[in-house]
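# Structural features, examined
Residues per chain, in single letters:
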There are 4 protein chains.
Amino acid sequence: MPAIQERAQARYQQILDAALSVFTRRGYREALVDDIAAEAETSKGGVYFHFPGKQAIFLALLDRSAGLLMDRVREAVAAEVDPVAKADAALLAVLRLFSSHRSLARLFLVEAMGAGPELHARLAALHAEFSAFIRRNLDDAVQQGAIAPIDTELASLVWFGALNQLVTRWVIADDPRPLEARYPALRTLLLRTVGLEVTP
Amino acid sequence: MPAIQERAQARYQQILDAALSVFTRRGYREALVDDIAAEAETSKGGVYFHFPGKQAIFLALLDRSAGLLMDRVREAVAAEVDPVAKADAALLAVLRLFSSHRSLARLFLVEAMGAGPELHARLAALHAEFSAFIRRNLDDAVQQGAIAPIDTELASLVWFGALNQLVTRWVIADDPRPLEARYPALRTLLLRTVGLEVTP
Amino acid sequence: MPAIQERAQARYQQILDAALSVFTRRGYREALVDDIAAEAETSKGGVYFHFPGKQAIFLALLDRSAGLLMDRVREAVAAEVDPVAKADAALLAVLRLFSSHRSLARLFLVEAMGAGPELHARLAALHAEFSAFIRRNLDDAVQQGAIAPIDTELASLVWFGALNQLVTRWVIADDPRPLEARYPALRTLLLRTVGLEVTP
Amino acid sequence: MPAIQERAQARYQQILDAALSVFTRRGYREALVDDIAAEAETSKGGVYFHFPGKQAIFLALLDRSAGLLMDRVREAVAAEVDPVAKADAALLAVLRLFSSHRSLARLFLVEAMGAGPELHARLAALHAEFSAFIRRNLDDAVQQGAIAPIDTELASLVWFGALNQLVTRWVIADDPRPLEARYPALRTLLLRTVGLEVTP
DNA sequence: GATGAATGAGCATTCATTCAT
DNA sequence: AATGAATGAATGCTCATTCAT
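A short tour of the structure in this document, coming up. (Residues numbered from 1 in each chain as written. Chains lettered and ligands numbered in written order. Predicted model: local features only at pLDDT ≥ 70, side-chain atom pairs only at ≥ 80, totals over all residues. Heavy atoms only, no water.)

This paragraph deals with the overall build of chain A. For chain A, the helix and strand inventory stands at nine helices and zero strands. When the helices and strands of chain A are read in sequence order from the N terminus, they spell out α-α-α-α-α-α-α-α-α. Seen along its three principal axes, the alpha-carbon backbone of chain A occupies a region of about 60 × 40 × 30 Å. By residue count, 50% of the 200 residues in chain A fall in the buried class. (Helix = DSSP H or I, 4+ residues; strand = E, 2+ residues; numbered from the N terminus. Buried < 20%, exposed > 50% of the residue type's maximum accessible area, 1.4 Å probe, protein only.)

Set out below in structure tokens:
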């Protein structure tokens, strides 16, 4: 019965959609499983059929979102050849996705912290994955002589931290401007950290 | 009766000390008011005599810690004349304090997120305050011609984000190395964002 | 699934039964939700599934009891034609019900006062409803010329007050005599207030 | 040191005044000893120096007020010779006092019920005392042949209940009209219960 | 006499999770 | 798959009362 499995899949996604909305609106702590069930138009028992618990919902949501994010990043990166341009494209892809999905940004940067220590590990892994991605490209750039040898681990940390901060402030301040509007200027500053000078 | 008021003051600080310990050990949610009372060697009612509620304790703790942090920063900054050196000193002061008080860092950067949306506002204000401080110094540097005109708001955001990220990773990864050890390298990268080249 | 809803209905009534018992035995303040749950053979959470809070239980109980009371009154009144006889029957019906359900009387007249100001309003409404009922009948009697024109609002207040006092004293003094035994004499006095002379 | 004792007396009365205000405003349950202390411009400890507990405050207040009430009644009654006129004067005196001290009325008729079973006994005694006073006068009137022999215990209960109800409704409905305005009409109805016909 | 800090038993309420149907 | 009733451990908060100073 693929029809049934399809329905189950649909319900699973429905619940994640509802969870994104509820977690974003009320925060992890204040989000009730009842709220998620109601918004997913199912029952509490229904939610527990698909997920073992509240934290698991958050985790699944984080993973689904991270997958989406990395897909976008990989796509953007594939269009570039130059390592620095790749890293550059990755950052822009992140900004673009978050810009059009503010709730996703809130989920990643704000609510994830309130979901308990268990989540920190997973979140740290995601951060590390993205950081490592940037670092790899910077390493390539060094190797190719495009940039001078530097501590790429630290540089990727700076890039990631700056990106993080930009998005976080945009989320918390509820800034109505499109997030990527500030990217050219940010790009100029970040490239300088690796010794490249460009004009915005 | 200053003796009585002194005792009350002492108890107030005792409770905050206990709260710092408990919040950083168990996280905001898992921290019980009972735990705080026990560690402060008083009763639950005693805690509630001094504070209106759990969140207020966290808030007071955050404020006390922020005051301590800013004192250190101001002190370090006062020893410098050059605006860039001032901003530089501020960052180093932060790293030094957090390096010797990891629990404080955890409080500011991790637990604060789990303490509910009301805390986010206060935290954002603290971040903004520190960011603005850096920005002011960069503005001065521009004015004095020490650095070329740039978007100082963005630059301060980058500096703050990088600092934030460095400390956060150090906290979450439980990195045993002293935090300030990485500062010279970070400093080099950050100064490049404003067009200054120094060797670590 | 009417079976489920039936079970829920039954549990709801079970809780109200338990609440009547506990409230009359311990008073509103001293009554614990735990006691009610235990006596209803359910859990505290079960009680809170059916009611939003302790006061709501009391309110629902008051309403259910008032409904029962008014049903008895209406039934007794329907058997009479003469307006004065109707009012008369109403009072007797009240006495009879309370006489056989002392706990109900205690609930209405004593405990209701301890359940907070919100309850006073509801209670006042119930009193007003019953008073108005008596008054309507006295008005009819005046219209039909059965009794001389009088201030029926005041008369109904006197009747109600006397009835109230009789029951209250019976409840508080824990008088073992059946309550309605005193009704013939009371009836004689009350009818005199509207100018009718009967022998007990 | 009579000066000291005077000061203590004054403080004692101050606390009772504050208690009247607080109990009336918030009800017995919601009234905090802290509130009473604050309104009496003393400290919680100060209150406990003068009274053994919250309930004792209420009791003392009830007694002080009852004394005041009975003084007024006795005074009014002393001016009359005829037993029925005496009872009549007693009722009017009650109405007059309550009319000018609504908070006292609320204390006696509404809040007293919420102060727990221990208070019911004392309150019942006060009620009984006043009822008995009316009854004694009615008995005298029977003895003197002024009224026909009747169940004076029941009649006094009716009188008391009617009075009670009139005041209670006035208190709860927050009726702005002077309470005693309705007395002539009430008097007419009550006198009818003992076979006397007067015009308001 | 008075203060205010401290106590601690008490309790309503919440909510993630379970499970009979 | 889904429902919704039920569970019960967990916990923040209240407040009358005590007591050292």
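According to the stated counting rule, one finds 53 salt bridges over all chains in the structure shown. For arginine 177 of chain A, the salt bridge is made with aspartate 175 of chain A, and the minimal N-O distance between the two is 2.8 Å. Relative accessible area serves as the criterion here: at 47%, arginine 177 of chain A is assigned to the partly exposed category. Residue class for aspartate 175 of chain A comes out buried when judged on its relative accessible area of 16%. A salt bridge links arginine 182 of chain D to aspartate 151 of chain C; its shortest N-O distance comes to 4.0 Å. Note that arginine 182 of chain D is positioned in the loop between helix 8 (152-172) and helix 9 (183-193) and aspartate 151 of chain C in the loop between helix 7 (117-143) and helix 8 (152-172), a pairing that runs across two chains. Classification of aspartate 151 of chain C by relative accessible area gives partly exposed; the value is 37%. (Salt bridge = Lys/Arg side-chain N within 4 Å of Asp/Glu carboxyl O.)

So, about the interface of chain C and chain D. Listed per partner, the contact involves 36 residues of chain C and 33 residues of chain D. Of the roughly 3100 Å² buried between chain C and chain D on both sides combined, carbon and sulfur atoms contribute 66%. Applying the counting rule to chain C against chain D returns three salt bridges. The closest approach of N and O atoms between glutamate 153 of chain C and arginine 182 of chain D, which form a salt bridge, is 3.0 Å. Of all the secondary structure elements, the ones that give two or more residues to the side of chain C that touches chain D are helix 1 (2-30), helix 6 (102-114), helix 7, helix 8 and helix 9 (183-193) of chain C. The element that contributes the greatest number of residues to the side of chain C that touches chain D is helix 8 of chain C, accounting for 13 residues. Considered class by class, the residues forming the side of chain C that touches chain D number 20 nonpolar, ten polar and six charged. (Contact = heavy atoms within 4.5 Å. Buried area = accessible area lost by both parts, 1.4 Å probe. Nonpolar A, V, L, I, M, F, W, Y, C, P; charged D, E, K, R; others polar.)

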